[in-house]
Structures are given as structure tokens and as C-alpha cells.
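# Structural characterization, general
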Amino acid sequence: MQVLIGIIYHTIGGGFSGSFYMPFNKVKGWAWESFWIVGGLFSWLIVPPLAAYLTIPDFAAIIASADMNVKMLTFVFGLLWGIGGLTYGLGVRYLGMSLGNSVVLGFSSAFGALVPSIYYNVNPVKGKVSFTDMLGSSGGQLVLLGVLVCLIGIAISGKAGMMKEAELSEAEKRASVKEFSLVKGLTIAVISGILSAFFNYGIEAGKPLANQAVVQGCNPLFQNNVTYVVLLWGGLTTNFLWCMYLNARNKTFGNYTDTRTPILANVLFSATAGTMWFLQFFFYGMGESKLGNGASSWITHMATIILTANIWGLYLKEWSGVSGATFRTFITGIIVILISIVLVGIGNSL
């Protein structure tokens, strides 16, 4: 039952993340850096402390009294994740919702799911599952098989993207994704996927904060909300500095006061996207409290995001005009990723 509840929470969170980019598509007349940072202020600065306030008594005191090394490491992982978040937006911009999410989150799935267990092989910690532990149990082996199957599904999705690139004219590509660029998009997406996994490392580094919240009487279901506050300060720092640089370089500071654009609507759509983004990890934290922060939690969450984003890609007609073979390849990739979720769920239950 614990496993089922955890997977349900991860699925809800993945649904929010796979959909969060949609409100950004409604923003009119603003540069990417302008709507991205407005949404980010809600994702990383406004909503996380609000969630912590509502679910964790005296969360600010927990952060203030925590070991500085714990807070610093959590913050640094947030900084690195922030770079991944920045490049995620660019990856989707150049590849589209379907392919962009498949590549970015695929690499994030693999690195986020496996690196912590490999680390615990090198530096054993009581209560933490190492890669060797996974290899030595039937459940762990099935989880690793699920990770492998997920990567195969991502590779199939990438193949579908290359087939699409070969088939469509430049005009047709930009009719579905305005700035489609396979080489530029794939390069950015690989970097983004690797760095995005640092969010999972940040959750692991901030566990003392979450544990202290439970000691002080917090409902264990919401324990990770205190960790998110510190972790997302790092993400905010990276994104804020980069977006301010782009605003200055591109002379787009005027976006925020340009009355020729629907300022209020743009802020509301950006705020909605940012809030939806945070909700993915609000629910991820609930799922992680049931499953633990192992490979199964991370890859289940990431795979669900990929599936949701691909459904939106279909809705947005990003695959219209391709051949039957290309579309079947795309659908096969989705099915394989779905199978990986099932394998991971069964493996975790064992």
C-alpha cells in the first residue's frame, strides 16, 4: 500500500511538471528571460516558504539552527540544478514539448536515480541503499531493469526526433516548434538533463532538515518542504542572475512595464506556470516520504513527467505532418517509458 500511495503522489507531481510549460505559451510580447524569471519567483521564492509555513511548524527555526555544511551543500546542489533548469527551458524551446522533455528528463532520470546509490557504494551510510545492494536483491535488480528500459524508451524518442528532422522542411518544423533546431536543442538538453539530476542530490543532502522537522512533530508526509526552501534558493540565484543578464543584454527590462503587452495576464500566466512547477515537487516530497529517495522514486517521477509532456506535445500537434513510421516510433518510445514505470513500481514493492 505504501508503494502504491507513493507512486500515486509521484504521478500527480509528474502531471503538474509535464504541464507547467503550457501557461508560458500564453504569454504575449515578452522575451523568454522575462516570463521565465517571473514564473521562477513563484517557483523558488514565494510558494516554497508558503508550503513550508502551512505544513511544518516553525520551519524557519529549523533552517536557522541546522548545520551550516548541510545548508551550504543543499544550496550548492540547488545552484547546479538551477543551471539545469535554465537549459531545460532552452531545450524545450528548440526541440518542442515532446522531444525536449524526453531527452532532458531522460538523462536526469538516469543520473538522478543511479548516482546516489553509486555514491553510497564508495561512501557507505547506514540506512542508505548502495548500487551493490540493488544488484544483490531481486527488487533492486528489477528497479535497475526499469531504469535501463526507461533509457531505451528515451533513445527511441530521440530517434523519432531525428526522423522528424529528416522528414520535415524548415517551414514545417517551425510550424510545430517555432525555433526548432535539433543539434542545438540536443546539446543543450543533454547538459540540462545531467545538471537537473542535482535536485535529487539536494534532497539527499538536505535530509537532516527533513528529519528534524519530523522530530519536531511535522507530519512525515510533508517533511521535504523545509528542504525545498534552501534547495530552491540555489535555483533562484542561478536563474535570477542569468535572466537579469539577458534582460540587460537584450534590452528587455522594458517588458515588465510595456503597456503594449497584456502585463497582468502575462504575470498571471507566469505565476501559474511557476506554481505548477513547484507543485510537482510538493507531491514528489509526499511520494518520497513513502518510497524513500532511491532510484525508484526519482525515475517514476521523471518518467511520468515525460509521458505527460508527450501527451501535451500531441495536443499541440508537434508531430503533425510526419510519416506513419516516425509517429509509430514516437508512440513506441512512450509505451516503453510507461513499461519502465511499471517495472520500477514492482521492483520497489519487492
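Residues numbered from 1 in each chain as written. Predicted model: local features only at pLDDT ≥ 70, side-chain atom pairs only at ≥ 80, totals over all residues. Heavy atoms only, no water.

Under the annotation held in an unreviewed UniProt entry, the chain carries the name L-rhamnose/proton symporter RhaT and is attributed to Spirosoma telluris.

## A closer look at the overall build of the chain
A tally of regular secondary structure across the chain gives 16 helices and zero strands. For the chain, the residues scored as buried account for 57% of the 350 residues in total. Relative to all contacts within the chain whose residues are 6 or more apart in sequence, the contacts with residues 24 or more apart total 83%. (Helix = DSSP H or I, 4+ residues; strand = E, 2+ residues; numbered from the N terminus. Buried < 20%, exposed > 50% of the residue type's maximum accessible area, 1.4 Å probe, protein only. Contact = heavy atoms within 4.5 Å.)

## Let's talk about unusual backbone geometry
Positive phi is not limited to glycine here, since Asp58 has a value of about 55°. The residue Asp58 is located in the loop between helix H3 (32–55) and helix H4 (59–65) in this model. The class for Asp58 is exposed, based on a relative accessible area of 54%.

## Remarks on the packing of aromatic side chains
The final tally for this structure, using the stated rule, is 22 aromatic pairs. Each ring, one from Trp32 and one from Trp36, has its centre 5.2 Å from the other, and the planes form 20°; the classification is stacked. Placement of the pair is Trp32 and Trp36 together in helix H3, with a separation of four residues, close to one helical turn. Members of the aromatic cluster, connected to one another through ring pairs, are Trp44, Trp81, Phe199, Phe222, Tyr228, Trp277, Phe278, Phe281, Phe282 and Phe283. (Phe/Tyr/Trp six-rings, centres within 6.5 Å; stacked < 30°, edge-to-face > 60°.)

## Structural notes on the environment of Ala303
For Ala303, the position within the fold is in helix H15 (residues 295–315). Residue classification places Ala303 among the buried residues on the basis of a relative accessible area of 0%. Remark: the alpha-carbon pair of Ala303 and Ser340, spanning 37 residues in sequence, is separated by 8.0 Å. Sequence-distant contacts of Ala303, defined by excluding residues within four places in its chain, comprise Ser109, Cys150, Ile337, Ser340 and Ile341.

## Here we look at the packing of H3 against helix H13 (residues 224–249)
Close contact between H3 and H13 brings their axes to 9 Å; oriented N to C, the two are set at 165°. Considering the angle they form, H3 stands roughly antiparallel to H13. Crossing handedness for the pair H3 and H13: left-handed. Of the residues belonging to the contact of H3 with H13, the class tally is 18 nonpolar, seven polar and one charged. (Axes fitted to C-alpha atoms, helices over the stretch in contact; angles between N-to-C directions. Parallel < 35°, antiparallel > 145°, perpendicular 65-115°, else oblique. Left-handed = near helix turned anticlockwise from the far one by under 90°. Nonpolar A, V, L, I, M, F, W, Y, C, P; charged D, E, K, R; others polar.)

## Considering the nonpolar core
Ranked by size, the top nonpolar core spans 67 residues in total, and within it Trp36, Trp44, Phe199, Tyr228, Leu232, Trp277 and Phe278 carry the most contacts. Excluding anything up to four places from it in sequence, Leu232 contacts Ser43, Trp44, Pro48, Trp81, Phe199, Trp277 and Phe278. Grouped together as the second largest cluster of nonpolar side chains are 13 residues, Phe59, Ala66, Cys218 and Val229 included. (Core = buried A, V, L, I, M, F, W, Y, C linked by side-chain atoms within 4.5 Å.)

## Here's the deal with the packing of helix H5 (residues 68–95) against helix H11 (residues 198–205)
Packing of H5 against H11 leaves a shortest axis separation of 8 Å and a crossing angle of 170°. In terms of orientation, H5 and H11 fall into the roughly antiparallel class. Residues Val70, Leu73, Thr74, Phe77, Leu80 and Trp81 of H5 lie in contact with H11, whose contacting residues are Phe198, Phe199, Tyr201, Gly202 and Ala205. The residue makeup of the contact of H5 with H11, split by class, is nine nonpolar, two polar and no charged.

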